[in-house]
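Observations on chain architecture
So you can see what is in the structure, the chains are spelled out below.
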Amino acid sequence: MIKTQLDRRAFLRGSAATAGTIAAPGLIGLTGLGGRAFAQTPTEVTIADIGVGDPGDWSRFTEASGDTVNLVAIGNTPSAVVNQLVAGGGRTAFDIINIVGGMQKPLATEKLISEIDTSRLSNWDKNTYISEYLSEGTPGFDFIGYDGRIYGVPTVLQADSFAYLPDQTGELDSYAALFDPKFRGYVSIEDNYTTAGQKTALYLKKSGMADIADPADMTPGELKTVIDFLIEKKKEGQFRVIWSSFEQAVNLLVNQEVHVMDCWEPMVFVANQKGANVKYAAPKEGYLLWAMAAYLVDNPERSEEQTKAAYALLDFMLGPWYGATITQSRGYMTNPQAAEFAAQSDLFDAEAAKRIAAIDAGVKERFAFGGTWQNRWPTEVDLYEEEWQRFKAA
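To start, this report covers the structure provided alongside it. Predicted model only: the values in this text are computed from it and were never measured.

A side chain of one charge can pair with a side chain of the opposite charge when the charged atoms of the two come close. Counted according to the given criterion, the structure contains 13 salt bridges. Put simply, E236 and R184 hold a salt bridge, and the shortest N to O gap is 3.7 Å. Of the two residues, E236 is situated in the loop between α9 (220-235) and β9 (239-243) and R184 in the loop between α7 (166-169) and β8 (187-190); the sequence distance between them amounts to 52 residues. Judged by relative accessible area, E236 falls into the partly exposed class, the value being 32%. R184 gets classed as partly exposed once you look at its relative accessible area, which sits at 37%.

What follows deals with the environment of Y280. Structurally, the position occupied by Y280 is in strand β11 (residues 279-280). For the pair formed by Y280 and V268, sequence separation is 12 residues and the distance between their alpha carbons is 6.9 Å. Beyond its immediate chain neighbours, meaning those up to four positions away, Y280 contacts A159, D160, S161, F162, A163, Y164, C263, W264, E265, V268 and R366. A distance of 2.7 Å separates a polar atom in the side chain of Y280 from the backbone oxygen of C263.

Here the focus is the packing of aromatic side chains. Counted by the stated rule, this structure contains 22 aromatic pairs. The structure contains a cluster of three or more aromatic residues connected by ring pairs, namely F179, Y203, F229, F239, W388 and F391. Note that K234 overlies the ring of F391, its terminal NZ or CZ placed 5.2 Å from the centroid. Between R240 and the ring centre of Y186, over which it is positioned, the NZ or CZ distance is 5.7 Å.

Taken in spatial order, the five strands of this open sheet run β9-β8-β10-β7-β11, and their pairing is mixed. The outermost strands of the open sheet, each flanked by one partner alone, are β9 and β11. Examined bridge by bridge, strand β7 (residues 162-164) and strand β10 (residues 260-262) share three bridges and lie antiparallel to one another. Within the sheet, the bridge partner assigned to F162 lies in β10 and is D262.

Attention now goes to the packing of helix α13 (residues 320-330) against helix α15 (residues 350-369). What describes two packed helices is the angle between their axes and the distance between those same axes. Contact geometry of α13 with α15 gives a least axis separation of 9 Å together with a crossing angle of 85°. As the angle between them shows, α13 and α15 are arranged roughly perpendicular. Between α13 and α15, the contacting residues are A324, T327 and Q328 on the first element and A352, R355, I356 and I359 on the second. The class makeup of the residues in the contact of α13 with α15 is four nonpolar, two polar and one charged.

This next bit is on helix α12 (residues 304-317). Between its terminal C-alpha atoms α12 stretches 20 Å, which fits the 20 Å expected from 14 residues at 1.5 Å a residue. In terms of burial, α12 is a largely internal element, 11 of the 14 residues being buried. Of the residues making up α12, those classed as buried are Q306, T307, A309, A310, Y311, A312, L313, L314, D315, F316 and M317.

Pairing between strand β1 (residues 44-49) and strand β2 (residues 68-73): six bridges, direction parallel. Counterpart to E44 in the pairing with β2 is T68. A crossover links β1 with its parallel partner β2, the connecting element being helix α2 (residues 59-65), and its sense is right-handed.

This paragraph deals with unusual backbone geometry. One non-glycine residue, D147, lies in the positive phi region at around 55°. Examined against the element boundaries, D147 turns out to sit in the loop between β4 (145-146) and β5 (149-150). On the accessibility criterion, D147 (64% relative accessible area) is exposed. Located in the positive-phi region is Q256, a residue other than glycine, with phi close to 55°. Structurally, Q256 can be placed in the loop between α10 (246-254) and β10.

Thresholds applied
Residues numbered from 1 in each chain as written. Predicted model: local features only at pLDDT ≥ 70, side-chain atom pairs only at ≥ 80, totals over all residues. Heavy atoms only, no water. Salt bridge = Lys/Arg side-chain N within 4 Å of Asp/Glu carboxyl O. Helix = DSSP H or I, 4+ residues; strand = E, 2+ residues; numbered from the N terminus. Buried < 20%, exposed > 50% of the residue type's maximum accessible area, 1.4 Å probe, protein only. Contact = heavy atoms within 4.5 Å. Polar contact = N/O pair within 3.5 Å; in protein donor to acceptor, adjacent residues only side chain to side chain. Phe/Tyr/Trp six-rings, centres within 6.5 Å; stacked < 30°, edge-to-face > 60°. Lys NZ or Arg CZ within 6 Å of the ring centre and 35° of its normal. Pairing = 2+ DSSP bridges. Axes fitted to C-alpha atoms, helices over the stretch in contact; angles between N-to-C directions. Parallel < 35°, antiparallel > 145°, perpendicular 65-115°, else oblique. Nonpolar A, V, L, I, M, F, W, Y, C, P; charged D, E, K, R; others polar. Expected span 1.5 Å × (residues − 1). Right-handed = clockwise from strand over helix to strand, strands pointing away.

This is the structure we're talking about:
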């Protein structure tokens with residue numbers, strides 16, 4: 001049963017969690033406040049984020065809603081999320097968790113998140129990316145829905161690959177670089193079987209090195225093949241370190257401790273801002289496709305006023321200012337209003353607006369190219385956990 005799996009993973013194997021718009025035209029995207037007047041006493045909405053959903057300034061939400069935001073950190077691995085909600089008090093501490101989606105089945109089944117009432121979100125129908133990439137019956141729906149119901153508000157769409165230092169490696173266009181002996185000791189992969197493990201499976205399948213039907217949902221035998229391969233490379237000294245935090249990954253790139261890294265694109269942005277020369281690859285095998293979902297935590301103690309404030313924040317995160325800001329700072333595609341808003345608003349200069357539009361178009365091209373949709377809760381999830389621990393212990 002799922003409950004047994006969750007309890008075991010949360011208490012025995014769960015890793016700990018790590019540690020919009022403005023007035024006038026900017027109010028576009030905040031009309032979904034449900035007719036709510038500003039509260040005399042601001043309501044604080046606590047959102048747990050994995051580190052890439054923070055625009056850096058929530059004051060525009062406060063100006064439009066009268067409420068405030070309390071941002072806290074949460075881990076992104078499935079076990080870390082479950083652990084924080086079940087064992088870490090997150091169910092009563094958080095209003096929203098903004099993580100990579102695809103966690104609806106365990107979280108909804110255990111009543112840890114609430115179904116989303118999309119009628120309370122004025123920006124929902126304006127976001128045509130939902131119907132284009134995340135509609136029911138497509139792999140994308142698994143990032144926001146479960147059993148025909150919506151549980152996640154999609155704040156980001158992205159297609160991941162890997163980073164590299166071209167001055168050290170030359171141009172790279174294949175996941176083979178992660179396993180190439182000439183980069184031995186200068187490679188790092190993420191401590192996450194739903195990213196590093198699945199990218200490895202995609203590489204082995206596309207290269208013909210392993211017979212894997214679906215890298216997103218492997219059989220026990222296929223999974224063992226992937227883990228055995230990673231263990232072999234680990235024992236050869238291929239991986240300098242298995243990274244587990246955003247800051248750690250950025251530092252590895254900036255300090256040139258690694259030359260090739262399985263990572264998230266925002267890490268490349270930050271590393272380059274710190275003076276590094278890092279590129280994000282366009283691998284010939286395809287991308288790891290995913291969507292971030294903001295979940296409304298099912299807190300039985302939450303008041304209706306608190307719930308209204310949480311919905312207002314969710315709507316803000318579907319809005320143009322938030323979308324444009326996240327696209328510019330993280331390199332993610334957010335919503336179709338973002339690029340147009342940036343081009344028309346004096347909050348973004350011409351260069352920034354052009355960059356936001358280019359990022360949006362670039363991510364669309366990646367989705368068109370394809371790859372494999374990340375699976376956050378595979379059929380053999382317990383075995384995935386066990387096999388990943390075997391890799392780490394090797």
